[in-house]
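A structural walkthrough
One-letter residues, chain by chain:
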Amino acid sequence: MNKKKDIRKTAYDAPKNTRSTMIRLFSQLKSQRIRLIFVAVCIIIYTLLSIYNPIFSAEVIDRLWNSIKASLSSGAPFTITWHGIGASLVQLSLQYLLTGLFYYLQSYLMASVAESLTLSLRDQIAAKLNRLPLSFFDRNKAGEILSRVTTDLDKISETLQTGLLKLLTAIGTVIGSLIVMFYYDVLLTCIFLVSMLISIVITKIVSAKSLSSASLRQETLANLTGIAEEYYQGRNVIKAYNHEKESIEQITQAADEARDAMQKADFLTNCVNPLIRMITRLAHVAVAVIAGRAMLNGTMTIGIVQAFFQYVNQTAEPLTEASYMINSMQSALASAERTFELLDEEEELPDPVSPAMLENTRGEIRFEHVSFGYTPERILMKDISFEALPGQKIAVVGSTGAGKTTLINLLMRFYKVNGRQH
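Below, the structure is looked at part by part. (Residues numbered from 1 in each chain as written. Predicted model: local features only at pLDDT ≥ 70, side-chain atom pairs only at ≥ 80, totals over all residues. Heavy atoms only, no water.)

**What to know about the overall build of the protein**
Looking only at helices and strands, the protein has twelve helices and three strands in total. The C-alpha atoms of the protein give 32 Å as radius of gyration, which overshoots the globular expectation for 422 residues (22 Å, by more than 25%). Within the protein, the proportion of its 422 residues that are buried is 39%. Considering only contacts within the protein whose residues lie at least 6 apart along the sequence, 82% involve residues at least 24 apart. (Helix = DSSP H or I, 4+ residues; strand = E, 2+ residues; numbered from the N terminus. Rg over C-alpha atoms; globule rule 2.2 N^0.38 Å. Buried < 20%, exposed > 50% of the residue type's maximum accessible area, 1.4 Å probe, protein only. Contact = heavy atoms within 4.5 Å.)

Structure follows, in structure tokens:
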């Protein structure tokens, strides 16, 4: 029971510094500058085309509608000529084709950037694990370490490929669309902004709760992975000591904790999307009624009305995606901080370049008033002294937990003694 409380406390504190984690994460992308520049160019062109397309489509539709009305009033057959509307329709089609092309390019390049970052972090972790002292592996289960190389890095890659890209395009599209919407009609834009403000408030509230839930999900998942890996490797020992019942209870408790954490985190991540969509649809109804009346009064053309609805969709949809991805990025930041905590672990001192050469070794081992504990606050050996003379055979005998393995670890210099008492 205490273990569950400790996990929750750690999870709610993470990430301890969101800003520094984000800065450090993007500093890992220095080698991807050229690709990032191309991604930025594609995002800018895609955003500009997304803003300009509805403006041009409004002009084309108004000309098409006026041509239809003129044909109806004169009784002449309606035709589309190249110099009339045909060239404009082809231009509009090409603009939408280019918009899709630049969206594909930025998605493809960003996927390459994300996977390169993941590969770089995995290489750093692999090199780091070779430099870590034995005490690190005693403090951390193999499953927990494995989750940082797999689950956490996969979450970072997924967010970079989808969340960050959609967030950047959303910012540019929303700003540009709002400028044009204000130009077309201030009242309709204000109605839509009210719905947007409500959506932003909801997103902020949910994001705050999603941060702690995402951290808790990663912690409980790492704990479950570690226990499962440890019990699977030690299944013969568990059977030999008749601990099947206890092991099943512990892994069941860990699985329940992971299930509850995942359920809450997934709900908070996914609930905001349909909620904002519902608010947006209500705004659509209000805009449709007022815009329809303005069109009947002749203050707005049919082309402008359809263009305005395009901007409403372009603004509402990125907002919905941005709110979803902001919540997802909270989980990615928690994963990134766990990864950097591993990379910041204290390393084992490297071997000297020119080690001292021992001369006239006698093979004598002597422990004088040695004190040691795997953690400074919990000393296991206090004032231990013994001597092993050259050629002498000594048996180390004791019950489980008496310190036989610890004594050999100190003899092999896997650990440093905490001090010597006199």
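Next, the rest of the story.
**Section: the environment of Asp-185**
Residue position: Asp-185 is located in the loop between α7 (151–184) and α8 (186–233). For the pair formed by Asp-185 and Ile-304, sequence separation is 119 residues and the distance between their alpha carbons is 9.7 Å. Within the local environment of Asp-185, its side chain forms a polar contact with the backbone nitrogen of Leu-188, the two atoms lying 2.9 Å apart. (Polar contact = N/O pair within 3.5 Å; in protein donor to acceptor, adjacent residues only side chain to side chain.)

**With respect to the packing of α7 against α8**
Interaxial distance between α7 and α8 falls to 13 Å at its minimum, and their mutual angle equals 170 degrees. When the axis of α7 is compared with that of α8, the two are roughly antiparallel. Where α7 abuts α8, its residues Thr-151, Asp-152, Lys-155, Val-174, Leu-178, Met-181 and Phe-182 lie against Val-186, Thr-189, Cys-190, Phe-192, Leu-193, Met-196, Arg-217, Gln-218 and Leu-221. Partitioned by chemical class, the residues of the contact of α7 with α8 number ten nonpolar, three polar and three charged. (Axes fitted to C-alpha atoms, helices over the stretch in contact; angles between N-to-C directions. Parallel < 35°, antiparallel > 145°, perpendicular 65-115°, else oblique. Nonpolar A, V, L, I, M, F, W, Y, C, P; charged D, E, K, R; others polar.)

**A short note on the packing of aromatic side chains**
Per the counting criterion, the structure on display carries seven aromatic pairs. For the pair Phe-136 and Phe-137, a centre-to-centre distance of 5.3 Å together with 85 degrees between the ring planes defines the contact as edge-to-face. Looking at Phe-136, the relative accessible area reads 3%, which means it is buried. For Phe-137, a relative accessible area of 33% corresponds to the partly exposed category. Among the aromatic residues, those joined into a cluster by ring pairs are Tyr-183, Tyr-184 and Tyr-311. Sitting above the plane of the Tyr-232 ring, Arg-235 keeps its charged end 4.4 Å from the centroid. (Phe/Tyr/Trp six-rings, centres within 6.5 Å; stacked < 30°, edge-to-face > 60°. Lys NZ or Arg CZ within 6 Å of the ring centre and 35° of its normal.)

**Regarding the layout of surface pockets**
Considering only enclosed or pocket space, the largest pocket measures out at about 710 Å³ in volume. Around the largest pocket, the lining comprises 24 residues; the ones closest to its centre are Pro-133, Glu-348, Phe-414, Tyr-415 and Lys-416. In terms of residues, the lining of the largest pocket owes the most to one element, helix α5 (residues 134–139), which gives three residues. Per-class residue counts for the lining of the largest pocket are twelve nonpolar, four polar and eight charged. (1 Å grid on protein atoms, 1.4 Å probe; cavity = no way out; pocket = protein on both sides within 12 Å on 5 of 7 lines; lining within 4 Å. Points joined across faces, edges and corners; volume = space filled by probe spheres on them.)

**Focus: the environment of Leu-98**
If you trace the backbone, Leu-98 turns up in helix α4 (residues 82–129). The sequence separation of Leu-98 and Ser-210 amounts to 112 residues, and the corresponding C-alpha distance is 37 Å.

**Observations concerning the nonpolar core**
Among the nonpolar cores identified, the biggest contains 23 residues, and Met-110, Leu-117, Ile-156 and Leu-160 are the most heavily contacted of them. Taken together, the elements giving at least two residues each to this core come down to α3 (33–74), α4, α6 (142–149), α7 and α11 (302–343). Take this core: its biggest share by element is six residues, from α4. Once you skip the residues sitting within four places of it in the chain, Leu-160 turns out to touch Phe-26, Met-110, Ala-114, Leu-117 and Leu-165. (Core = buried A, V, L, I, M, F, W, Y, C linked by side-chain atoms within 4.5 Å.)

**Observations concerning the pattern of salt bridges**
Oppositely charged side chains can form a pair if their charged atoms are brought close together. Evaluated as defined, the whole model comprises twelve salt bridges. Asp-344 serves as the salt-bridge partner of Arg-24, at 2.6 Å between the closest nitrogen and oxygen. You can see Arg-24 sitting in helix α2 (residues 18–27) and its partner Asp-344 sitting in the loop between α11 and β1 (365–372), a full 320 residues away along the chain. Overall, Asp-344 belongs to the partly exposed group, its relative accessible area being 47%. In this structure, Arg-338 engages Asp-152 in a salt bridge whose closest nitrogen and oxygen atoms are separated by 2.8 Å. Separated by 186 residues along the polypeptide, Arg-338 in helix α11 and Asp-152 in helix α7 bring together distant segments of the chain. For the pair shown, Arg-338 and Asp-152 are each scored as buried. Here the salt bridges share partners, and the residues they tie into one network are Glu-364, Arg-366, Glu-368 and Glu-387. (Salt bridge = Lys/Arg side-chain N within 4 Å of Asp/Glu carboxyl O.)

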